[in-house]
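Summary of the model geometry
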Amino acid sequence: MRLIQIKTLTVSIFGALSLLMGAAVLFGWYTHDITFVQIHPNFVPMQANTAVCFLLSGLGLIALSLRNTKASIISGLSLFIIATLTLFQYVFQLDLNIDQAIIKHYITTKTSHPGRMAPNTAIIFILTAILLCLNSIKYHSKTLSFLKKLSTSTILLIGFVSLVGYLFSAESLYGWMSLTRMAFHTSVGVIFIGLGMFFHESGLKHQEKEQYIWWSSAFIILASFSISFGLWHEMNKQEQLLIRRTVIEEANYISHNLSLTVNSKFFSMQRMASRWEQASETTRSNWKSDALQHEKDDISLKAIVLVNQNLEKTWSTYSDQSNFNSILEDIIASNLTTTNTSDELQVISAKEQLLIVTTPLFIENNFQGYLIGLFNIKDILLTVIPPKSLSDMGLSIVFENNVVFKEYTPNTEYVRKWNVQTFFVTMGIEYSLTLTPSVTLINNLQSYLPEFVFTTGSIIGLMIAIIIALGRITSMKARDLTIIEKAQRITTKSLRVSQKKLKETVKKLSLSNSELEQFAYVASHDLKAPLRIIHSNAEILEMEILKTIKNDLTDNIKEPLRIITSRTKKMARLLENILEYSRIGKKHSSSQGLIMNGMTLMQETLELLSLSPNITVDIDSKFNNITLYEMPIKQIMINLINNSIKHNDSELIKIKISLSEDPNHYIFKVKDNGLGIPVKYNKQVFEMFRTLKPQDKVEGTGMGLAIVKKLVEVNKGQIKLESEIGKGSTFTFTLPKIKKGYRHQSSKASV
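This paragraph deals with the sheet that holds strand β6 (residues 393–399). Pairing is antiparallel across the open sheet formed by 4 strands, whose spatial order is β7-β6-β9-β8. Either end of the sheet is taken by a strand with one partner, and the two such strands are β7 (402–407) and β8 (420–426). Going across the sheet, the axis of each strand differs from the next one's by a mean of 20°, ignoring polarity. Relative to strand β9 (residues 429–437), β8 runs antiparallel, the two being bridged by 7 bridges.

Right, let's talk about unusual backbone geometry for a bit. Backbone geometry at H32 places phi at a positive 60°, although glycine is not the residue there. Examined against the element boundaries, H32 turns out to sit in the loop between α1 (2–31) and α2 (34–38). Despite not being glycine, M177 has its phi angle at roughly 50°, a positive value. The topology assignment puts M177 in the loop between α6 (142–167) and α7 (184–201). Assessed through its relative accessible area of 69%, M177 is described here as exposed.

On to the nonpolar core, then. L258, L371, I397, Y431 and L433 are the most contacted members of the largest nonpolar core, which has 46 residues in total. If you tally residues by element for this core, the top one is helix α8 (residues 206–278), at 11 residues. Judged by nonpolar contacts, the second largest core, of 41 residues, contains L26, M117, Y166 and M197.

What follows covers helix α10 (residues 324–335). In this model, α10 (12 residues) spans 16 Å end to end at C-alpha, consistent with the 16 Å of a helix rising 1.5 Å per residue. Taken residue by residue, α10 has F324, N325, I327, L328, I331 and I332 as its buried positions. The buried residues of α10 occupy an angular sector of 165° when projected down its axis, which confines them to one face. With respect to the buried face of α10, the exposed residues turned more than 90 degrees away are E329, A333 and S334.

Reading across from one edge, β11-β13-β14-β16-β15 is the order of the 5 strands in this open sheet, with mixed pairing throughout. Bordering the open sheet on either side are β11 (615–619) and β15 (719–723), each of which pairs with just one other strand. Averaged over all neighbouring strand pairs, the angle between strand axes comes to 15°, with direction disregarded. By the bridge criterion, 7 bridges tie strand β14 (residues 665–672) to strand β16 (residues 729–736) in an arrangement that is antiparallel. The residue of β16 that forms the bridge with H665 is P736.

A contiguous nonpolar patch, built from I81, L85, F88, V91, F92, L94 and L96 and spanning about 610 Å² of accessible area, is present on the exposed surface. If you trace the backbone, L94 turns up in the loop between α4 (69–92) and α5 (119–134).

Overall, the coordinates contain 20 aromatic pairs when judged by the stated rule. Here Y408 and Y414 contribute two aromatic rings whose centre-to-centre distance is 5.0 Å and whose plane-to-plane angle is 90°, an arrangement assigned as edge-to-face. Overall, Y414 belongs to the buried group, its relative accessible area being 12%. Site record: aromatic cluster; members linked through ring pairs are F14, F192, F198 and F199. Over the aromatic face of Y90 sits the side chain of R116, whose NZ or CZ is 5.1 Å from the ring centroid. The aromatic ring of Y666 is capped on one face by K737, whose charged end is 5.6 Å from the ring centroid.

Checked against the element boundaries, N376 lands in strand β5 (residues 366–376). The exposure class of N376 is buried, given its relative accessible area of 15%. From its side chain, N376 meets the backbone nitrogen of K378 in a polar contact 3.0 Å long. Contacts of N376, omitting those with residues within four sequence positions, involve S300, K302, Q353 and L354.

Moving on, we come to helix α11 (residues 377–384). Inspection of α11 places I377, D379, I380, L381 and V384 among the buried residues, and these make up the whole buried set. The backbone nitrogen of K378 lies 3.0 Å from a side-chain oxygen of the residue at the head of α11, namely N376.

Before going further, it helps to spend a moment on the confidence of the model for the chain. A low pLDDT score tells you not to read the predicted coordinates there in detail. Of all residues in the chain, 83% attain a pLDDT of 70 or more, and the chain-wide mean is 81. Looking over the chain, one finds the lowest element-wise mean pLDDT in helix α15 (residues 555–583), namely 62, and the highest in helix α3 (residues 48–65), namely 94. Taken together, the stretch residues 742–751 has pLDDT below 50 and engages in 16 contacts with residues farther than four places along the chain or on a different chain.

All told, the structure shown has 12 salt bridges when counted by the stated rule. The partner of D99 in a salt bridge is R116, with the nearest N and O atoms 2.9 Å apart. Highlighted residues: D99 in the loop between α4 and α5 and R116 in the loop between α4 and α5, separated in sequence by 17 residues. Neither residue differs from the other here; D99 and R116 are each classed as buried. D298 is the partner of K265 in a salt bridge, and the nearest nitrogen-oxygen pair spans 2.8 Å. You can see K265 sitting in helix α8 and its partner D298 sitting in the loop between α9 (284–297) and β1 (301–308), a full 33 residues away along the chain. For K265, a relative accessible area of 12% puts it in the buried group. Judged by its relative accessible area of 9%, D298 falls in the buried class. Several salt bridges share partner residues, and in doing so they unite K110, E171 and R181 into one network.

Parameters and conventions
- Residues numbered from 1 in each chain as written.
- Predicted model: local features only at pLDDT ≥ 70, side-chain atom pairs only at ≥ 80, totals over all residues.
- Heavy atoms only, no water.
- Pairing = 2+ DSSP bridges.
- Helix = DSSP H or I, 4+ residues; strand = E, 2+ residues; numbered from the N terminus.
- Axes fitted to C-alpha atoms, helices over the stretch in contact; angles between N-to-C directions.
- Buried < 20%, exposed > 50% of the residue type's maximum accessible area, 1.4 Å probe, protein only.
- Core = buried A, V, L, I, M, F, W, Y, C linked by side-chain atoms within 4.5 Å.
- Expected span 1.5 Å × (residues − 1).
- Arc of directions from axis to C-beta.
- Patch = residues over 30% accessible without salt bridge, like charges linked within 9 Å, V, L, I, M, F, W, Y side chains within 5 Å.
- Areas by Shrake-Rupley, 256 points an atom, 1.4 Å probe, with all protein chains shown as cover.
- Salt bridge = Lys/Arg side-chain N within 4 Å of Asp/Glu carboxyl O.
- Phe/Tyr/Trp six-rings, centres within 6.5 Å; stacked < 30°, edge-to-face > 60°.
- Lys NZ or Arg CZ within 6 Å of the ring centre and 35° of its normal.
- Polar contact = N/O pair within 3.5 Å; in protein donor to acceptor, adjacent residues only side chain to side chain.
- Contact = heavy atoms within 4.5 Å.
- pLDDT = per-residue confidence, 0-100.

What follows is the structure in structure tokens.
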């Protein structure tokens with residue numbers, strides 16, 4: 001009784017905690033006290049609908065503990081409607097205007113839909129509603145019990161995993177995809193609900209407690225697996241963010257430095273053009289020397305060319321045999337004009353990884369031609385990023401829809417999904433830079449730590465569950481051994497008492513049997529003597545009457561004398577039969593163990609009967625092939641044949657004795673053509689003193705078939721009668737076969 005009270009109190013406490021949490025959050029929403037709503041500025045707020053569901057869940061748990069089924073069902077149905085509609089909105093991407101029906105939400109941290117509870121929270125409240133309704137009905141079954149335990153375990157699992165997600169900053173443990181996350185205090189409240197349901201469903205019976213031990217092991221395995229999976233997913237997510245951030249930072253770094261470097265190259269061309277414009281004819285030789293030196297100092301600058309106003313090359317830093325000639329001719333022919341009025345630097349083209357820059361030359365506002373610089377883009381990049389970075393990432397630069405640079409290391413595998421494209425502007429011109437990390441770089445940024453955490457966590461959970469299960473099995477075995485030892489002690493003690501009582505009973509029974517046998521013998525002997533005297537005196541009386549009357553006796557005198565004589569003879573036979581019946585199974589005749597050929601035994605039996613000529617007995621020839629104990633077959637057959645003769649009024653009495661066998665028994669049948677016996681008496685004929693006619697009309701004692709039945713059963717056989725009026729009778733009995741290899745030391749045994 002006390003355990004039941006503790007269980008009720010525990011469920012009520014968890015219900016009250018759930019109810020208070022829901023009330024506190026609603027109070028926070030209405031008073032704008034975010035401490036109750038959000039706990040921490042970076043945490044997800046508990047939605048108002050979630051708080052209402054906690055209120056309903058708490059009321060339902062308290063109603064269950066108080067056995068108020070009506071209140072718990074109403075709470076469950078209300079909870080089910082709110083949670084199901086919320087989940088329905090997520091699945092079908094609808095807005096039923098229930099999310100902010102209570103209050104306008106003003107905190108939307110990590111909230112996909114303002115006011116809408118998280119989908120995993122909605123699932124928990126659906127399961128809670130189902131449990132409230134199922135626990136309110138009185139129907140019980142194994143399937144229903146399994147569903148209750150599964151739902152309770154799921155609630156506890158989701159709440160516990162979400163709480164661990166907050167503790168380890170693993171967002172994937174308490175949030176699904178990009179939808180609203182579960183709040184921190186929601187996960188705590190869910191655990192309250194799960195524990196309340198657990199204690200309500202936990203039984204007080206030992207068997208039910210054992211079932212919850214196995215459920216707890218399964219819960220630990222699922223919880224460890226879920227947490228390990230969530231941590232693995234979160235760590236993979238962080239690694240992916242690291243890869244993305246690394247590639248983006250590298251792309252921004254390259255584009256920024258490349259922009260600065262290219263600008264510096266362009267400004268150097270402008271300075272060279274300005275110096276040329278300021279130089280005189282005599283000092284331009286010095287300018288050319290400086291230009292040659294500048295080309296040597298800047299490894300990315302491949303050539304400097306002067307073109308006059310007629311677009312004719314007048315001077316260059318490369319020889320006429322250089323392959324730059326063809327490139328320069330194409331540029332002059334397609335991009336330069338003889339009437340340029342702008343003094344702005346211009347990037348004309350980029351060919352064969354060359355960036356070509358042209359600067360117009362003016363003397364006293366008179367167009368004099370162009371100063372052209374040819375820069376190698378790869379050499380510019382080498383001044384910006386080290387060669388190792390280019391080997392880890394593929395790089396391409398696009399200018400005016402033309403790929404001006406593309407560098408991918410041969411025989412290196414790249415991961416296209418991590419491509420990062422950035423844009424930078426130089427001298428008013430936009431360039432597109434695409435960076436693709438190689439598999440080597442990805443592998444360097446990734447580790448096996450997520451897989452290690454997942455595997456280790458799962459194994460630890462499995463080991464804990466196994467240890468709990470083994471501990472429980474050990475405890476159960478120890479308890480069983482204790483019970484067995486106790487039972488053995490009790491059994492041993494009882495056995496000793498029983499053996500003592502058995503010995504006393506056997507002793508008493510043996511004494512009783514001895515006394516009974518002595519009584520039967522004495523009674524038989526003492527009763528036979530008066531009967532012999534009565535019989536003798538009846539005969540003497542008859543003789544004396546004959547002498548006195550000297551005539552034949554009249555019927556009035558003769559009949560009483562006959563009755564006296566016949567009744568004394570019958571009583572003598574009855575006493576002999578009773579004595580014989582009492583001795584069956586206790587003492588056997590000296591010839592009990594004698595083994596004879598079956599046919600020989602049957603012939604000797606017939607000789608003892610001295611049958612009249614009108615009686616024929618047909619013996620089955622199969623008796624020639626078997627050996628039988630002389631007793632009890634001879635005694636059984638004599639009684640059955642006498643019974644067939646006694647109850648047969650046919651002129652020609654026919655008796656047939658047949659033989660068959662099964663693996664362990666011989667089956668004997670004694671069939672006659674007598675009067676037959678009604679079916680309803682087929683079992684009663686084997687009872688003691690049972691005759692189907694009045695005793696004064698039958699010479700028999702009613703003991704013959706009773707003796708036969710006892711002889712058969714004592715020798716581990718069975719007997720039955722099949723008979724109908726006018727169709728004769730068939731007695732069928734079985735006796736065990738003589739075991740193979742048996743040797744009886746008797747000269748009369750025949751095989």
